[in-house]
Every structure is written in structure tokens, then in C-alpha cells.
Amino acid sequence: MMSTGQHSLFPRLLADVGGTNARFALETAPGVIEEVDVRASAHFPSLLDAARDYLRQTGAKQVSHAAIGIATAVTGDTVRMTNHSWTFSIEALKRDLGLVSLIVLNDFTALAWSLPHLPGAELAQVGGGTPVAGCPMALIGPGTGLGVSGLVFGPQGPIPLSGEGGHIGFAPEDDEEVALWRFARARFGHVSTERFLSGPGLALIHEARLAIQGLAPDGLSAADITRQALGGQSPECMASLDRFCALLGSAAGALALTLGARGGVFIGGGIVPRLGDVFARSPFRHRFEQAGRLSGYLAAMPTYVIHSQYPGLIGAQAALATHLRESHHA
């Protein structure tokens, strides 16, 4: 596909599309990511409109190859976002942007591609030992929704996992969490882990905790709860945030057990990196290690908070480079 000639030229278009924001960039040379721009998804009727606007702004005249990580399951040509209104055909988007090749993958699959490439200085370790080279890496991250992925290694190199682990059933660990589950079940029926481990989920945890105590709802958003908790203004908000971190610890521990993630467990998404030292002091790591007879197995695994500014774009770049190499050798 990119054997010779103009189609092997840069720039390449990279995008990381979430339920709230769409991040675009140009790869101008191998591994060189420039012209990063963030657009509010709600400001554009379609991904095509947002991409065209970005390309027009950057003045990129000729883009032949693109990779897009997007916050939804990608199972065929038609892509429908889980937490936003955009729907599109991959083939139509490729045609309308005049591309020779386009890959579209789940945003956390793209983020998994980035894991071997993230600088150590942009990873904050929270507990555990040292990673074991060549072992699986786990990835989880609450934001607008809950992203879950991982990276395993085969003879040809890294293999990212594509799934929807954020939608597995929520598993309560104590009496308050059973009460949280009952509160959510009365409202939603099925209670997925994402119901609690997301921005809307933090607000739901807080609302449910107040209701369980017989207190009136205060209508606080996730941003309000986080701000009041970090500012020391509200013990109730701090308790809700601690519960959120505890639930994330259990979910991350279950994922680590499932994948055997001795290569490390990585936390992305838009919420946890903003919590700073409060997260390190939270119940997260204690709950991560609670696995009965396998607690020691988990205790050895390092957990990291990703502090890279645009890791999804790094992952999209790595995925596209691998795709073009494989196309070239096919």
C-alpha cells in the first residue's frame, strides 16, 4: 500500500476521539508528533467536519494515511460512539478525506499501543515492585466512560487487546458497595462497572452515598465533587472520591489477575491524573492487592498513573506505523 512514491510521504493524520474532546495531530516525520489541537466534540456535527476543520487550520494539503482512536467498540465499517452522537462509515470517512489508508480502533486499544513508548518521567508509580519485561501490561482508565485494554507480546511484537471491559458487571466488596449497587440497579437495571468508574459514575457514587445516609442530594457534578474533596472543603466529597478510588483498585486488580499483568498496570483517562498525591494516599492500592490467596501475586505488580499529555496520539502513531509496515510487507 505504501510501497513507493507519494503515498509514503508525511504528514500523517492522528486523532484521539473521546466523548468530550477530539484531539488531532500531524505526524510530520517518523515518531515526530506536531500541531496538536483539541476540539470540543459537541462543536462539530460529525468527525468528518472536525477533521476537515483541523486540516484546514493546519494547512496540511496532502495527507494519505491516518489513524483514529475512538471511544467506542469498533466491530465493522459503521462506528457509533458510546457516549457521543457521532456515527460514521470508515470507508466513507477514508474517501471523504482523500486517504489511501485509514485505521480506526478503540481509544483504549490505541492507548495500549502507547504503553511501551511512554517516557518513565511521565509515569507515576503507585505501589508494587518492578515490571517484568515481556509480560502482559494492563490498562484501565475512567473518564467520560471506563476504558479497559491491555498489551501482550507475540513473536512479531506487541499485540493490543480490543474489548469493552468497562461494561462488565459491577462486583461490590462491602456493605456500602452492595447499597451502591442496589441504588444503581433500581435506576438502570444492569449495573456495569462503568456506572461508577467514570465522571458520571463519581457523581452517582456521591448521590447514592448521600441517599444511603438519608441526606438530601446536593446536585454536585464530578468536577464539583473532586474540587471540594481536593480543597478539603467537604468530608462527604472526600469520602465519595475515596470510594471511587477503592472501586478502581478492585477493578484494576481483577484486570491484572485476568491478564497476568506482571508488566505493569497503567491508569489513563481524564480523572485520575488530576488527583495527584490524593490518589496515592487513597484506598486504591490497598484494594488493588485484595485477592485472598493471590494478594501476594498482585502486591508485586507495579501500578502507574499515566501523566503524558497526549498518550492516545502516541498510540495511534505506533498503530499506524505497524499497520503500514505490515501492508508494505504483505
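One structure accompanies this document, and this report is about it. (Residues numbered from 1 in each chain as written. Predicted model: local features only at pLDDT ≥ 70, side-chain atom pairs only at ≥ 80, totals over all residues. Heavy atoms only, no water.)

## Some words on the overall build of the chain
Filter applied, for reference: Helix and strand labels come from DSSP, where a helix needs a run of H or I of at least four residues and a strand needs a run of E of at least two; each type is numbered from the N terminus. Our radius of gyration looks at C-alpha atoms and nothing else; its globule reference is 2.2 Å times the residue count to the power 0.38. Think of it in three bands: with a 1.4 Å probe and only protein chains considered, a residue is buried below 20% of the maximum accessible area for its type, exposed above 50%, and partly exposed in between. Per-residue and other accessible areas follow the Shrake-Rupley method at a 1.4 Å probe size, with only the shown protein chains counted as cover for residues.
Helix and strand counts for the chain come out as 11 helices and 13 strands. On C-alpha atoms alone, the chain measures out to a radius of gyration of 20 Å, which is about the 20 Å that the 2.2 N^0.38 rule sets for 330 residues. The principal-axis extents of the C-alpha atoms in the chain amount to approximately 65 × 45 × 35 Å. Counting over 330 residues, the chain shows a buried share of 50%. Carbon and sulfur atoms make up 52% of the accessible area of the chain, which totals about 14700 Å².

## Details of the pattern of salt bridges
Here is the rule we go by: Salt bridges are counted wherever a side-chain nitrogen of Lys or Arg sits within 4 Å of a carboxyl oxygen of Asp or Glu.
Scanning the model with the defined rule gives 15 salt bridges in all. Glu176 is paired through a salt bridge with Arg209; the nearest N and O atoms lie 3.7 Å apart. Within this pair, whereas Glu176 is found in helix α4 (residues 175–188), its partner Arg209 is found in helix α5 (residues 199–212), the two being separated by 33 residues in sequence. One connected set of salt bridges, linked through shared partners, spans Asp174, Glu176, Glu177, Arg209, Glu236, Arg243 and Arg287.

## Notes on the state of the cysteines
This is how it is decided: Throughout, disulfides are identified as pairs of cysteine sulfur atoms within 2.5 Å of each other.
Within the structure shown, the criterion is met by 0 disulfides. Between Cys245, a cysteine without a disulfide, and Cys237, which holds the nearest cysteine sulfur, the sulfur-to-sulfur distance is 13 Å.

## Here we look at the pairing of strand β3 (residues 32–40)
As a reminder of what qualifies: Being paired, for any two strands, means DSSP has found at least two bridges between them.
In the sheet, strand β2 (residues 21–29) pairs with β3 via 7 bridges, with the strands oriented antiparallel. Counterpart to Ala29 in the pairing with β3 is Val32. Linking two consecutive strands that pair antiparallel, namely β2 and β3, is a turn of 2 residues; a positive phi of about 80° is found at Gly31 within it.

## With respect to the sheet that holds strand β10 (residues 146–154)
Formally: Axes here mean lines fitted to C-alpha atoms, for a helix over just the part in contact, with angles spanning 0 to 180 degrees between N-to-C directions. Here a residue-residue contact requires only that any non-hydrogen atoms of the pair lie within 4.5 Å.
Pairing in this open sheet of 6 strands is mixed, and the strands run β8-β13-β12-β9-β10-β11 from one edge to the other. The sheet is open, and its two borders are formed by β8 (123–125) and β11 (157–160), each paired with just one other strand. With direction set aside, neighbouring strand axes in the sheet form an average angle of 25°. Where β8 lies against strand β13 (residues 303–306), 3 bridges are found, and the strand directions are antiparallel. Bridge pairing in β13 places Leu123 opposite Ile306. The sheet contacts of helix α3 (residues 107–114) involve β9 (137–142), β10 and β11, and relative to β10 the element is tilted by about 45°.

## A word on the packing of aromatic side chains
To keep it simple, the criterion reads: Within 6.5 Å between ring centres, the rings of Phe, Tyr and Trp (the latter by its six-membered ring) count as paired, and their orientation is classed by plane angle as stacked under 30 degrees, edge-to-face over 60, tilted in between.
Considering all chains together, one arrives at 5 aromatic pairs under this definition. Counting every residue linked through ring pairs, the aromatic cluster contains Phe279, Phe284 and Phe288.

## Regarding unusual backbone geometry
Keep in mind that most residues, glycine aside, have a negative phi and that most peptide bonds are trans. Backbone geometry at Glu35 places phi at a positive 55°, although glycine is not the residue there. Mapping Glu35 onto the fold places it in strand β3. Judged by its relative accessible area of 46%, Glu35 is partly exposed.

## Comments concerning the packing of α5 against helix α7 (residues 235–259)
What counts is decided by this rule: By the definition adopted for this analysis, an angle is roughly parallel if under 35 degrees, roughly antiparallel if over 145, roughly perpendicular if from 65 to 115, and oblique otherwise. The sense of a crossing depends on the near helix, which, turned anticlockwise from the far helix by less than a right angle, makes the crossing left-handed and, turned clockwise, makes it right-handed.
Orientation of α5 relative to α7, taken along the N-to-C sense of each, is 120°, at an axis distance of 9 Å. The orientation of α5 relative to α7 falls into the category oblique. Where α5 crosses over α7, the two elements pack in a sense that is right-handed. Taking contact as the criterion, the partners of Leu202, Ile205, His206, Arg209 and Leu210 in α5 are, on α7, Glu236, Cys237, Ala239, Ser240, Leu241, Arg243, Phe244 and Leu247.

## Some words on a nonpolar patch on the surface
Applicable threshold: For patches, a residue must show more than 30% relative accessible area and have no salt bridge; joins then use 9 Å for like charges and 5 Å for nonpolar side chains, namely Val, Leu, Ile, Met, Phe, Trp and Tyr.
Among the surface-exposed residues, Leu257, Leu294 and Tyr297 lie close enough to one another that they form a single nonpolar patch of about 240 Å² accessible area. Residue position: Leu294 is located in the loop between α9 (284–288) and α10 (295–299).

## Thoughts on the pairing of β9
Across the 6 residues that make up β9, a large majority, 6, are buried. What you see with β9 is no split at all: Met137, Leu139 and Gly141 on one side and Ala138, Ile140 and Pro142 on the other are buried throughout. Bridge analysis of β9 against β10 gives 6 bridges, and the strand direction is antiparallel. Along β10, the bridge assignment pairs Ile140 with Val148. Pairing of β9 with strand β12 (residues 265–267) involves 3 bridges; the strand directions are parallel. Considered in β12, the bridge of Leu139 is made with Phe266.

## Re the sheet that holds strand β4 (residues 65–70)
As summarised here, the arrangement of the 5 strands in space is β3-β2-β1-β4-β7, forming an open sheet in which the pairing is mixed. Both edges of this open sheet fall to β3 and β7 (101–106), since each of them pairs with a single strand only. Going from strand to strand, the sheet's axes swing by 15° on average, the running direction of each strand aside. Here strand β1 (residues 12–17) pairs with β4 via 5 bridges, running parallel.

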